[in-house]
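Examination of the molecular architecture
Below, each chain spelled out in residue letters.
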Amino acid sequence: MKAWLWIGLAGMAGAGCRFLFSQVVAQAHFPWATFAVNLIGSFLLCYLVGGVLQRWTSRKEVQDAITTGFLGSFTTFSALGMEVILLMEEERFGLAALYVAVSLIGGLTAGSAGFYLSGKQEGRI
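So, here's what we can say about the structure.

Parameters at a glance
- Residues numbered from 1 in each chain as written.
- Predicted model: local features only at pLDDT ≥ 70, side-chain atom pairs only at ≥ 80, totals over all residues.
- Heavy atoms only, no water.
- Axes fitted to C-alpha atoms, helices over the stretch in contact; angles between N-to-C directions.
- Helix = DSSP H or I, 4+ residues; strand = E, 2+ residues; numbered from the N terminus.
- Left-handed = near helix turned anticlockwise from the far one by under 90°.
- Contact = heavy atoms within 4.5 Å.
- Expected span 1.5 Å × (residues − 1).
- Buried < 20%, exposed > 50% of the residue type's maximum accessible area, 1.4 Å probe, protein only.
- Disulfide = S-S within 2.5 Å.
- Arc of directions from axis to C-beta.
- Core = buried A, V, L, I, M, F, W, Y, C linked by side-chain atoms within 4.5 Å.
- Phe/Tyr/Trp six-rings, centres within 6.5 Å; stacked < 30°, edge-to-face > 60°.

Let us look at the packing of helix α1 (residues 3-24) against helix α3 (residues 60-74). Remark: α1 packs on α3, axes separated minimally by 7 Å, with the N-to-C direction vectors making an angle of 30°. Note on packing geometry: the crossing formed by α1 with α3 is right-handed. Two secondary-structure elements touch here, α1 through Ala3, Trp6, Ile7, Ala10, Gly11, Ala13, Gly14, Ala15, Cys17 and Arg18 and α3 through Glu61, Val62, Asp64, Ala65, Thr68, Gly69, Phe70, Ser73 and Phe74.

Turning our eyes to something else, we now look at α3. The terminal C-alpha atoms of α3, which comprises 15 residues, lie 20 Å apart, in line with the 21 Å expected from a rise of 1.5 Å per residue. Residues of α3 that are buried: Val62, Gln63, Asp64, Ala65, Thr67, Gly69, Leu71 and Phe74. Against the buried residues of α3 lie α1 and α2 (32-56).

According to the stated counting rule, one finds zero disulfides in the structure shown. Sulfur of Cys46: no disulfide; nearest cysteine sulfur belongs to Cys17 and is 19 Å away.

Our focus in this paragraph is α1. Over its 22 residues, α1 extends 32 Å from the first C-alpha to the last, a length consistent with the 32 Å expected when each residue adds 1.5 Å. Regarding α1, the residues found buried are Ala10, Gly11, Gly14 and Arg18. Down the axis of α1, the buried side of the element spans an arc of 115°, and every buried residue falls inside it. Facing away from the buried side of α1 by over 90 degrees, the exposed positions are Met12, Phe19, Leu20, Gln23 and Val24. Structurally, α1 contributes buried residues whose contacts are with α2, α3 and α4 (77-89).

Below, the discussion takes up the nonpolar core. Membership of the largest hydrophobic core is limited to seven residues, which are Phe30, Phe35, Leu80, Val84, Leu87, Ala96 and Tyr99. Going through the elements one at a time, α4 and α5 (93-118) are the ones with two or more residues in this core.

Here Trp6 is to be found in helix α1. Remark: the alpha-carbon pair of Trp6 and Tyr116, spanning 110 residues in sequence, is separated by 28 Å.

To continue, consider the packing of aromatic side chains. Taken as a whole, this structure holds seven aromatic pairs when the rule is applied. Between Phe30 and Tyr99, the aromatic rings sit 5.1 Å apart at their centres with planes inclined by 75°, giving edge-to-face as the arrangement. Of this pair, Phe30 sits in the loop between α1 and α2 while Tyr99 sits in helix α5; the two residues are 69 residues apart in sequence, bridging distant segments of the chain. No difference in accessibility class separates Phe30 from Tyr99, as the two residues are buried. Ring centres of Trp32 and Phe35 lie 6.1 Å apart, and the angle between their planes is 75°; on these two criteria the pair is classed as edge-to-face. Residue Trp32 and its partner Phe35 are both found in helix α2; the two are separated by three residues, about one turn of the helix. According to the relative accessible area criterion, Trp32 is partly exposed, its value standing at 42%.

It is worth stressing that arrangement in space is one thing and function is another; only the former is reported here.
Spelled out as structure tokens, the structure:
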């Protein structure tokens with residue numbers, strides 16, 4: 001199967017999972033769903049790229065479908081950006097700054113944990 005088709009199908013699945021996740025997780029006063037999927041996605045991407053995915057399959061189109069397709073559509077930087085702007089429009093500047101900070105630090109921490117748990121101890125790509 002062509003790589004673009006694998007990526008498209010996996011992207012459709014990732015977007016569907018992202019939508020379902022946002023329906024289950026209550027937003028309240030903080031954009032918890034986007035925050036959670038971005039941390040989960042950071043962990044999974046680094047875990048898989050850290051060596052686990054290569055041990056599962058050597059097929060590049062399957063690897064790309066999982067990383068670029070599924071995880072690329074499951075996580076979303078654009079939603080984070082929109083939610084920060086909405087918080088700022090509501091003059092909730094402190095919460096907007098906190099959201100950016102915990103998203104960045106949380107994503108890096110989750111990614112580092114993913115690399116570590118994958119066996120890529122040095123944490124380098």
